[in-house]
Amino acid sequence: MSRLRALAALAALTLAGALLAIIPSTAASAAACATPWQSSAVYTGGLQVSHNGRNYQAKWWTQNEAPPGTTGVWQDLGACGGSNPPPSGSCNYPNWVAGTWYVAGSIVRYTNGQYYIAEHDNPGYDPIISTWYWDPYTCSGTPPTSSPPNPGGFVVSEAQFNQMFPGRNSFYTYSGLVAALGAYPAFARTGSATVQRQEAAAFLANVYHETGGLVHIVEQNTANYPHYCDYGQPYGCPAGQAAYYGRGPIQLSWNFNYNAAGNALGLPLLTNPWLVQNDAAVAWKTAIWYWMTQNGPGTMTAHSAMVNGAGFGQTIRSINGSIECNGGNPAQVQSRVTRYQQFVGILGVPAGANLYC
């Protein structure tokens, strides 16, 4: 073989080797595809999907807008392909990554060094917050049969509560909420486990809307304060004409509501309405009292709406009636519905039917 032919052959081999080195590298760089986008699913900021061979991440709440979309809600994460199954046989599982799709049975190592197994498919929910989706996992490969119970038997854990209300006022304590549950044992404990979580989510979604995310303890428009005294009631307004303004998680107002709530709860709220803004447990009790016993401008209590299948929309009607429902203020209704959808997502249950009023 001449020197020229030898050099040509060497160059060809070098080029082939380079191509072989490039091809595996390119294939290895392709990210695993997230769960396929579905038109009926609700996606909140940070959740990832795949569509037509590419991964996308939602920037905010969206539904029924296929990636890449037209509103800018989807961030293109690039081409995807293949899968990354967790290794098996020992506690040498991959680190949990928020926003990554995990199918039931996936095992991950959380930031606390502990391992968790996915009970249900989920889009990367936090294992120590979304306990319906994840269970602790041991190296023996035997997951616990059930998650530990939440304090007070409430279907919302403190971690989930904090996730729902990240900017809440320190007055609205989780311990105060749990302490208030004893006033109405049927609250969020009636029906199936799904119904119980749906009711808790519905209550907390309306609470979020009424208080700006559990930020406001009292009604912000002080000009309204003198308007909540009905002197037509036989007991009048012993605390003063301007004393019965909105307070607490559902903004209890009017002298007749303070009187009825006080009688039901065994508290002197007619003469001392300030208890609602000074005692977290009392504040939560008044909200649960209204939820469980009052139709408001609706035809049923919010509790009945959720446990009897009337749907979330009827809870809005029981709280604000025609002010928001029947086209009164669709933006406010949508705000409540969106929050409810987010909260049932945290609790791992479907939203159910009849969301609007």
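Above this note sits the structure.
Residues numbered from 1 in each chain as written. Predicted model: local features only at pLDDT ≥ 70, side-chain atom pairs only at ≥ 80, totals over all residues. Heavy atoms only, no water.

Colleague: Looking at this model, I keep getting lost on the overall build of the chain. Mind explaining?
Modeller: Along the chain, the regular secondary structure elements total 10 helices and 8 strands. Across the 357 residues that make up the chain, the buried fraction comes to 43%. Put simply, 49% of the contacts in the chain that link residues at least 6 apart link residues at least 24 apart. (Helix = DSSP H or I, 4+ residues; strand = E, 2+ residues; numbered from the N terminus. Buried < 20%, exposed > 50% of the residue type's maximum accessible area, 1.4 Å probe, protein only. Contact = heavy atoms within 4.5 Å.)

Colleague: Even after reading the chapter, I still don't get the pairing of strand β7 (residues 115–118), so can you show me in this structure?
Modeller: The side chains of a regular strand alternate between both faces of the sheet. Residues Tyr-115 and Ile-117 line one face of β7 and the alternating positions Tyr-116 and Ala-118 line the opposite face, and both faces are buried. One ladder, built from 3 bridges, connects strand β6 (residues 107–109) with β7; its direction is antiparallel. Residue pairing across strands places Ile-107 opposite Ile-117, the latter belonging to β7. Taking the residues between adjacent antiparallel strands as the criterion, β6 and β7 are bridged by 5 residues, where Gly-113 takes a positive phi near 85°. Here β7 runs beside strand β8 (residues 134–137); their pairing, made up of 4 bridges, is antiparallel. Bridge pairing links Ala-118 to Trp-134 in β8. (Pairing = 2+ DSSP bridges.)

Colleague: Is there a simple way to explain helix α4 (residues 193–211) in this structure?
Modeller: Each turn of an α-helix holds 3.6 residues, which means side chains three or four residues apart point in the same direction. Taking 1.5 Å per residue as the helical rise, α4 with its 19 residues ought to reach 27 Å, and the 27 Å between its terminal C-alpha atoms agrees with that figure. The buried fraction of α4 amounts to 16 of the 19 residues, a majority that puts the element mostly inside the structure. Directly beyond the C-terminal end of α4, a positive phi value near 65° is found at Gly-212. (Expected span 1.5 Å × (residues − 1).)

Colleague: Quick question: what am I supposed to make of the state of the cysteines here?
Modeller: By definition, a disulfide links the sulfur atoms of two cysteine residues through a covalent bond. A full pass over the atoms with the stated rule returns 2 disulfides. Each sulfur in the disulfide pair Cys-229 and Cys-237 lies 1.8 Å from the other. With the S-S bond torsion at 110°, the cross-link from Cys-229 to Cys-237 turns out right-handed. The class for Cys-237 is buried, based on a relative accessible area of 9%. In this model Cys-325 forms its disulfide with Cys-357; the gap between the sulfur atoms is 2.0 Å. In this structure the cystine formed by Cys-325 and Cys-357 twists about its S-S bond by roughly -90°; its chirality is therefore left-handed. Taken together, the positions of Cys-325 in the loop between α9 (312–320) and α10 (330–347) and Cys-357 in the segment after α10 put the pair 32 residues apart, joining distant regions of the chain. (Disulfide = S-S within 2.5 Å.)

Colleague: Looking at this structure, how should I read the packing of aromatic side chains?
Modeller: Geometrically, a pair of aromatic rings is defined through the distance of the ring centres and the angle of the planes. Enumeration over the complete set of coordinates arrives at 18 aromatic pairs. On the numbers, 5.2 Å between centres and 75° between planes, the contact of Phe-171 with Tyr-172 is edge-to-face. Each member of the pair, Phe-171 as well as Tyr-172, is classed as buried. Both rings, one in Tyr-208 and one in Phe-343, keep their centres 6.1 Å apart while their planes meet at 75°; by these two values the pair is edge-to-face. Taken together, the residues span a long stretch of sequence, with Tyr-208 in helix α4 and Phe-343 in helix α10 at a distance of 135 residues. Neither residue differs from the other here; Tyr-208 and Phe-343 are each classed as buried. Three or more aromatic residues joined by ring pairs form one cluster here, namely Phe-154, Phe-161, Phe-165, Phe-171, Tyr-172, Tyr-174, Phe-187, Phe-203, Tyr-208, Trp-284, Trp-291 and Phe-343. Over the ring of Tyr-245 we find Arg-247; its NZ or CZ atom is 3.7 Å from the centre of that ring. (Phe/Tyr/Trp six-rings, centres within 6.5 Å; stacked < 30°, edge-to-face > 60°. Lys NZ or Arg CZ within 6 Å of the ring centre and 35° of its normal.)

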